[in-house]
Amino acid sequence: MFSTKLSVSPKASPLIAVVCTLAALVISGCSTTPAADKTATWSPNKIYAEAKDEASSGAYDKAIPLYEKLEGRAAGTPLAQQAQLDKAYAQYKGGEQAQALATLNRFMKLHPASPAMDYALYLKGLVNFNDNLGIFGFISRQDLSERDQNAAKESFEAFKELVSRFPESRYAPDSRLRMNYIVNSLAQSEVHVARYYYSRGAYVAAINRAQVAIADYRDVPALEEATYILYKSYDALGMNELRDDTRRIMEKSYPQSQYMSKGFKSAENPWYKFW
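Cut-offs and rules
- Residues numbered from 1 in each chain as written.
- Predicted model: local features only at pLDDT ≥ 70, side-chain atom pairs only at ≥ 80, totals over all residues.
- Heavy atoms only, no water.
- Helix = DSSP H or I, 4+ residues; strand = E, 2+ residues; numbered from the N terminus.
- Buried < 20%, exposed > 50% of the residue type's maximum accessible area, 1.4 Å probe, protein only.
- Axes fitted to C-alpha atoms, helices over the stretch in contact; angles between N-to-C directions.
- Parallel < 35°, antiparallel > 145°, perpendicular 65-115°, else oblique.
- Contact = heavy atoms within 4.5 Å.
- Nonpolar A, V, L, I, M, F, W, Y, C, P; charged D, E, K, R; others polar.
- Expected span 1.5 Å × (residues − 1).
- Arc of directions from axis to C-beta.

1. Details of unusual backbone geometry
Generally, phi is negative for residues other than glycine and the peptide bonds are trans, each holding for most cases. Residues other than glycine seldom take positive phi values, yet D219 does so here, at roughly 55°. By the secondary structure assignment, D219 is in the loop between α10 (203–216) and α11 (222–236). For D219, a relative accessible area of 80% translates into the label exposed.

Now the structure itself:
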């Protein structure tokens, strides 16, 4: 504490006040000691238990640093591997998709023979799967097919690797369902573009995109609309023979098609479903 009083002129007092304030802040900062690490005396098991409690209560921002400490404290043990996976899950639930993927990629690189590899692949697929739909997907009624498809493809590859390498895994059945969903989403992405072109009167472009969907995908619901877009586009262009051929295909392949009786589906009744 300073007890010496400085004698200054009134004109200099504002500048001196600023200098004194800065000096006080510097002195205060120098006297501040780092907060003690409350986990310093904790065992790895206690750190893990605390991290699990924080994650269970939804405090992922508190759980993640604890998992990171555990990775260092228990390095080279199964507990450290578990901490990595749990950290990735906490990052995913906390909305940190990029960090979760980085953690999972690191885990798979460091522990290629881990018995938890099926879960790591499942979580990787799940992170990308949910990232496609987005947090506000339900509010905006925007389906996965209207978004960038890179994450969808990465999600599919993760689920595919899981099912291929670990067909008996507890995560395999759900992975197969999600793979089916993603394939239809990718097909629907092409159809979404085709429908956009059709609505703008670009019928040739609509035909081309609908044909891509039909050529690249098999046995997915989106192909019904793709065929209908072909039918409507041929009709709009006056290509009657192709129109009639496509109509016969529609009637044979989709005898109960709502498209032929009611036209395009309303945006209020999307094709997709939520998990």
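2. Notes on the packing of helix α9 (residues 172–199) against α10
It is the contact of α9 with α10, at a shortest axis distance of 7 Å, that shows an interaxial angle of 170°. Judged by the inter-axis angle, α9 sits roughly antiparallel to α10. Residue-level contacts link A187, E190, V191, V193, A194, Y197 and Y198 of α9 to Y203, A205, A206, R209, A210, V212 and A213 of α10. For the contact of α9 with α10, the class distribution of residues is 12 nonpolar, no polar and 2 charged.

3. Focus: helix α8 (residues 150–165)
Look at α8: 23 Å from first C-alpha to last across 16 residues, which is about the 22 Å you get at 1.5 Å a residue. For α8, the set of buried residues is A151, A152, S155, F156, A158, F159, L162 and V163. An end-on view of α8 places all buried positions within 165° of arc, on one side of the element.

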